[in-house]
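A closer look at the structure
One letter stands for each residue in the lines below.
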Amino acid sequence: QKEVEQNSGPLSVPEGAIASLNCTYSDRGSQSFFWYRQYSGKSPELIMFIYSNGDKEDGRFTAQLNKASQYVSLLIRDSQPSDSATYLCAVGGSQGNLIFGKGTKLSVKP
Amino acid sequence: EAQVTQNPRYLITVTGKKLTVTCSQNMNHEYMSWYRQDPGLGLRQIYYSMNVEVTDKGDVPEGYKVSRKEKRNFPLILESPSPNQTSLYFCASSLSRTSGRSIGELFFGEGSRLTVL
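These remarks concern the structure in this document.

A short note on the pattern of salt bridges
- Going through the model one piece at a time under the given rule, you end up with seven salt bridges over all chains.
- In this structure, R37(A) engages E45(A) in a salt bridge whose closest nitrogen and oxygen atoms are separated by 3.0 Å.
- The class of R37(A) is buried, set by a relative accessible area of 12%.
- By sharing partners, the salt bridges in this structure join R36(B), D38(B) and R44(B) into a single network.

What follows is the structure, encoded as structure tokens:
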């Protein structure tokens, strides 16, 4: 069974700090990696995707991928209370399917 | 406006009464998928479709049916709902790999909260 693991949290950071969210996956053949944000009572929204080893930056968000360690992370710089949400890691498996982690709840305190 | 539309958004029904949750997208996406989300279990895939007339089981297909007769529509059918199908359901769509994009770049509908008594 292919798995995607995330710390469920809650992860609490003060406003203005860097929030670091982590995800590990079991399928070594995985090729695509995604971060979704889900506000309470809302649907998931894609915020970042990364396909190659290294870092990818988009505004305050940076996705980091290390395929050798089977590890993907999301950094949120200058965290804001509006970033408080659950962050879902999703991994595109070698079978062509997409597997979601259970999510990490982030709370940014003013 | 690009969107995935699900109906109904909320439904309370009784065991055994057949129901259909509709899903429609206006982005000409090839890939469509149904997920259910339960506390502590995360998002689990029920069925997906890579294109018209092509459907495949996800991780939790038991008790569900789907069809893909048109590109834009992907209804989820519960032939005989049971209380363990009480859940929040999401439909999602994306361009397929053949379009140079990954199926993981999903657009989600707003969700359908189903309660089976």
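After that view, the rundown keeps rolling.
Some points on the side chain of Q45(B)
Residue and element names in this part refer to chain B.
- Following the sequence through the fold, Q45 ends up in strand β5 (residues 42-51).
- Only 2.9 Å separates the side chain of Q45 from the side chain of Y31, close enough to count as a polar contact.
- Here S33 takes part through its side chain, which lies 2.8 Å from a polar atom of the side chain of Q45.
- Once residues within four sequence positions are removed from consideration, Q45 is found in contact with Y31, S33, W34, Y35, G58, D59 and V60.

Focus on the interface of chain B and chain A
- On the chain A side, the residues contacting the 16 residues of chain B number 15 residues.
- Three residues stand out in chain B for area buried against chain A, namely L43(B), E105(B) and F108(B), and they jointly supply 30% of the buried area on that side.
- At the boundary of chain B and chain A, one finds zero salt bridges.
- For the interface between chain B and chain A, the tally reads five residue pairs in polar contact (both at pLDDT 80 or more).

What about the sheet that holds strand β3 (residues 19-25) of chain A?
Residues and elements named next belong to chain A.
- Taken in spatial order, the five strands line up as β1-β3-β8-β7-β6 in an open sheet, and their pairing is antiparallel. Each edge of the sheet is formed by a strand with only one pairing partner; in this case those strands are β1 (4-6) and β6 (54-58). In this sheet, neighbouring strand axes are inclined to one another by 20 degrees on average, regardless of whether the strands run parallel or antiparallel.

Here's the deal with the state of the cysteines
Residue and element names in this part refer to chain B.
- One pass over the structure, following the stated rule, counts two disulfides over all chains.
- Covalent S-S linkage joins C23 and C91, the inter-sulfur distance amounting to 1.9 Å. Looking along the S-S bond of the C23-C91 disulfide, the torsion reads about -75 degrees, which is the left-handed sense. Of this pair, C23 sits in strand β3 (residues 19-25) while C91 is found in strand β9 (residues 87-94), placing the two residues 68 residues apart along the sequence. Accessibility classification places C23 together with C91 in one group, the buried group.

Details of the packing of aromatic side chains
- One pass over the structure, following the stated rule, counts 11 aromatic pairs over all chains.
- Taken together, a centroid distance of 6.3 Å and an interplanar angle of 70 degrees make the contact between F100(A) and F108(B) edge-to-face. Taken together, the positions of F100(A) in strand β10 (residues 98-100) and F108(B) in strand β10 (residues 107-108) put the pair across two chains. Grouping residues by exposure puts F100(A) and F108(B) together as buried.
- By the ring-pair criterion, three or more aromatic residues cluster together here, those being Y36(A), F100(A), Y35(B), F90(B) and F108(B).
- The ring of F49(A) carries K56(A) above its face, with NZ or CZ at 3.5 Å from the centroid.

Procedures and definitions
- Residues numbered from 1 in each chain as written.
- Chains lettered and ligands numbered in written order.
- Predicted model: local features only at pLDDT ≥ 70, side-chain atom pairs only at ≥ 80, totals over all residues.
- Heavy atoms only, no water.
- Salt bridge = Lys/Arg side-chain N within 4 Å of Asp/Glu carboxyl O.
- Buried < 20%, exposed > 50% of the residue type's maximum accessible area, 1.4 Å probe, protein only.
- Helix = DSSP H or I, 4+ residues; strand = E, 2+ residues; numbered from the N terminus.
- Polar contact = N/O pair within 3.5 Å; in protein donor to acceptor, adjacent residues only side chain to side chain.
- Contact = heavy atoms within 4.5 Å.
- Buried area = accessible area lost by both parts, 1.4 Å probe.
- Pairing = 2+ DSSP bridges.
- Axes fitted to C-alpha atoms, helices over the stretch in contact; angles between N-to-C directions.
- Disulfide = S-S within 2.5 Å.
- Phe/Tyr/Trp six-rings, centres within 6.5 Å; stacked < 30°, edge-to-face > 60°.
- Lys NZ or Arg CZ within 6 Å of the ring centre and 35° of its normal.

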